[in-house]
Every structure is written in structure tokens, then in C-alpha cells.
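What the coordinates show
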Amino acid sequence: LSVINKPDSAGQACEFSLNSLYLNGARTYLGLPNMPNYNLGRLIGSACDTLTGIESYNEIEKGIKVFPNPANNNVSFVFDNLESNSKVEISFMDISGRLVYHIHSLISENKTNIDLTSLSQGTYCYQIQTTFGRHLGKITIIR
């Protein structure tokens, strides 16, 4: 890419730069710099994932099981890494991102069951917040 740094100036004063684009003191040659797309989300288990804290996500990913999926009326969450009386928040959002169900409780055992009969059939995103971090996933409800 070539750039005219001062397009209102005539001749040599326009500061034409061949194959170069000024970037606050740095230059790029033969194209634009590699700009990461931060909207892609996390890459589970990747050492290249710089968007989230890898260690905390790996800890929580290993320690949570959600079943059955698809679910009918109930879903179970099993927390292998949590001690008894740990605080857990579980939220369900519809596909437009609207919060449709939220539970905040102390887990006395490493398992909790949630009644989903108040939710209609469809796919929902869920978020689990624990002391280890946040876990995101989706679940489908069929009837």
C-alpha cells in the first residue's frame, strides 16, 4: 500500500511513501499488519489463546459436566473441582441474549439439578460462574 501523507501539498512536499503505511512511528511494508479478530471468542485448550486466562478456563472446563444435552425437563451440573458450600451462579439466556433463568446458590454437594420446565423448547446459552472462573456453553431443550 502506498500513502500520500500530506495530500494538500504539491510535489515532493506531499510526502508520498511507496509500499508503506505510517502507523504511529511504525511502518508496514507490502500490506496491512495482521490485526487479530477479538470477536472470534476463545479457543479452548489453545496455547495461542490470548483473549482469556487459559489456566482458569482449563481448570473449570475439566471440572464441570452438564447432562443430558439435549435435555427434556431437568439438567444436571456436576462440579468436580468445587468444595462443598461453594457459591455458584448459573444463568440461561435465549439466542437473543436475554436472561431467561438465573440461579444463585451454595452447592452442598458437587452436583445440582435444575428444573427447566419453565423454559420453552429451543437452544439456550448458559453461563456458570464459580470461584475458578466462568464456563459458557449451550444446551438444547426438547419436549
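Presented here is a report on the structure given in the accompanying data block.

About the thresholds
Residues numbered from 1 in each chain as written. Predicted model: local features only at pLDDT ≥ 70, side-chain atom pairs only at ≥ 80, totals over all residues. Heavy atoms only, no water. Pairing = 2+ DSSP bridges. Helix = DSSP H or I, 4+ residues; strand = E, 2+ residues; numbered from the N terminus. Axes fitted to C-alpha atoms, helices over the stretch in contact; angles between N-to-C directions. Phe/Tyr/Trp six-rings, centres within 6.5 Å; stacked < 30°, edge-to-face > 60°. Buried < 20%, exposed > 50% of the residue type's maximum accessible area, 1.4 Å probe, protein only.

Looking at the sheet that holds strand β8 (residues 99–107)
Spatially, the four strands line up as an open sheet ordered β8-β7-β10-β11, and their pairing is antiparallel. The open sheet has two edge strands, β8 and β11 (133–141), and neither has a second partner. Ignoring which end each strand starts from, the neighbouring axes of this sheet average 20° apart. Judged from the five bridges that link them, strand β7 (residues 86–93) and strand β10 (residues 122–130) form a sheet pairing that is antiparallel. Looking at the pairing, F92 lines up with Y126 of β10.

Here we look at the sheet that holds strand β6 (residues 74–79)
Strand pairing in a sheet relies on backbone hydrogen bonds. The paired strands run either parallel or antiparallel. In space, the three strands of this open sheet follow the order β5-β6-β9, with antiparallel pairing throughout. Strand pairing shows two members of the sheet lacking a second neighbour, β5 (64–67) and β9 (111–115), which therefore form its edges. Each strand of the sheet is rotated relative to its neighbour by a mean of 15°, with strand direction disregarded. In this sheet, β6 lies alongside β5 in antiparallel orientation, the contact comprising four bridges. Residue pairing for β6: F67 is matched across the bridge by S76.

Concerning the packing of aromatic side chains
All chains considered together, the criterion is met by four aromatic pairs. When the ring of F92 is compared with that of Y101, the centres are 5.9 Å apart and the planes differ by 65°; the resulting orientation is edge-to-face. Residue F92 is classed as buried on the basis of its relative accessible area, which comes to 1%. On the basis of relative accessible area, Y101 is assigned to the partly exposed category, the value being 22%. An aromatic cluster is defined as three or more aromatic residues linked by ring pairs; in this entry it consists of F77, F92, Y101 and Y126.

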